[in-house]
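Next come the chains, spelled out residue by residue.
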Amino acid sequence: MAAGCRGGWCSLCAAAALLLVAVLGPAASSSSSSRAGSPGELRSRVQALGGSNWSLVLQGQWMLEFYAPWCPACQQIELTWESFAKESERLDITVGKVDVTQEPGLSGRFFVTTLPTIYHANDGVFRRYRGSRTLEDLQGYVLERKWEAVEPVAGWKSPSSIVMHGMAGLFHLSGWIRQIHSYLTGTLGIHVWISYAIFILATLLIGLFLGLILVLISDCLCPSKSRYRAEAFEEAITKDNVENAALEEPEEAAELSADDAEETADVKDLSDGEDAANSSADDSEEDLALGKESGEEEMEDLSEQPLADPETESSVRQRKSQAADNGL
């Protein structure tokens, strides 16, 4: 019976106790009074742990059982566990137990998935007990120090790690959901399925809100490739413009200097041309003056000579006219 419960449907019962039974209703917690609420001598040696005092297991040697009042396998080893607690002083060990229906946060901290679950703790180092649940095997596990051959729980799965702190918070949340569900269905008289619909709607809205926040955070920390490429392209264009401007400045300066040199050369050529024109005009004026003076001298010479015959006179006139033409 115990093996079947452990390997089959009892694991489903444990998961329901940790996540679903806390939401569906208080039936499991109300039935826990049969074991957790009745005082008696059998409970005197077993120390009940909860969210307020669970840190006691971090000191000394402990054997800790996680159970649920409705679990048949847990009910079967109840007397064995009480008898084991009576031997705690002789074994130099403390025996404790945790009701997962009352302490969902603590069951989440130890990541309990099957019931019953037994842990051995020695100064904060936890090991999962997977042996037989008889009194002799439990005592031999402690007396013969068999727990030393068992591999401890990984550091990140240790109940005192940050990860398990977050897991405990999630399981605490399941407890609060159970209380809200009980208030809606019990105090307000709302139908169970309407309560489920409210939780579903709230879950969707909260998920959308948290998803939006995550998207905004991821977009700020890790911008998209398109945006990054656009920014990189703009930076490259700006850099190219700066480099082109830096290269164009010397070219413009060289062009301006070349233009200035050409203008200077043109001005010089114009001045040289004007000087040459002026000098040629002066030379032509001098030649005209000299021709005029020579013509006048020839006319004077002809006038001074005596007149001979008509032929001579006509030749003189021709010479005068030629001299006049030369003067012009």
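Data block above holds the structure.
Below or above, wherever it landed, is the structure these notes cover.

Here is what the cut-offs are and how they apply
Residues numbered from 1 in each chain as written. Predicted model: local features only at pLDDT ≥ 70, side-chain atom pairs only at ≥ 80, totals over all residues. Heavy atoms only, no water. Pairing = 2+ DSSP bridges. Helix = DSSP H or I, 4+ residues; strand = E, 2+ residues; numbered from the N terminus. Buried < 20%, exposed > 50% of the residue type's maximum accessible area, 1.4 Å probe, protein only. Polar contact = N/O pair within 3.5 Å; in protein donor to acceptor, adjacent residues only side chain to side chain. Axes fitted to C-alpha atoms, helices over the stretch in contact; angles between N-to-C directions. Parallel < 35°, antiparallel > 145°, perpendicular 65-115°, else oblique. Left-handed = near helix turned anticlockwise from the far one by under 90°. Contact = heavy atoms within 4.5 Å. Nonpolar A, V, L, I, M, F, W, Y, C, P; charged D, E, K, R; others polar.

An order of 1-3-2-4-5 is seen for the five strands of this open sheet, with the pairing classed as mixed. On the outer flanks of this sheet lie strand 1 (47-48) and strand 5 (125-129), each paired with one strand and no other.

With respect to the helices and strands, threonine 114 occurs in the loop between helix 8 (104-109) and strand 4 (117-122). Look at threonine 114 and you get buried, because its relative accessible area is 16%. Side chain to side chain, threonine 114 and arginine 128 meet in a polar contact 3.1 Å long.

Another point: the packing of helix 6 (residues 78-86) against helix 9 (residues 135-143). Two numbers describe how helix 6 lies on helix 9: the axes approach to 9 Å, and their chain directions differ by 40 degrees. Of the possible angle classes, the one that applies to helix 6 and helix 9 is oblique. Seen from above, helix 6 lies across helix 9 with right-handed handedness. Across the interface between the two elements, Thr80, Trp81, Ser83 and Phe84 from helix 6 touch Leu135, Leu138, Gln139 and Val142 from helix 9. Residue composition of the contact of helix 6 with helix 9, by class: five nonpolar, three polar and no charged.

Here we come to unusual backbone geometry. Put simply, leucine 115 and proline 116 share a cis peptide bond, and its omega is -10 degrees. Here proline 116 is to be found in the loop between helix 8 and strand 4. Residue aspartate 123 is not a glycine yet carries a positive backbone phi of 55 degrees. In this fold, aspartate 123 is placed in the loop between strand 4 and strand 5. Relative accessible area serves as the criterion here: at 52%, aspartate 123 is assigned to the exposed category. Non-glycine residue arginine 145 carries a positive phi angle of around 55 degrees. If you trace the backbone, arginine 145 turns up in the loop between helix 9 and helix 10 (162-187). Taking the relative accessible area as the measure of exposure, arginine 145 reaches 43% and is therefore partly exposed.

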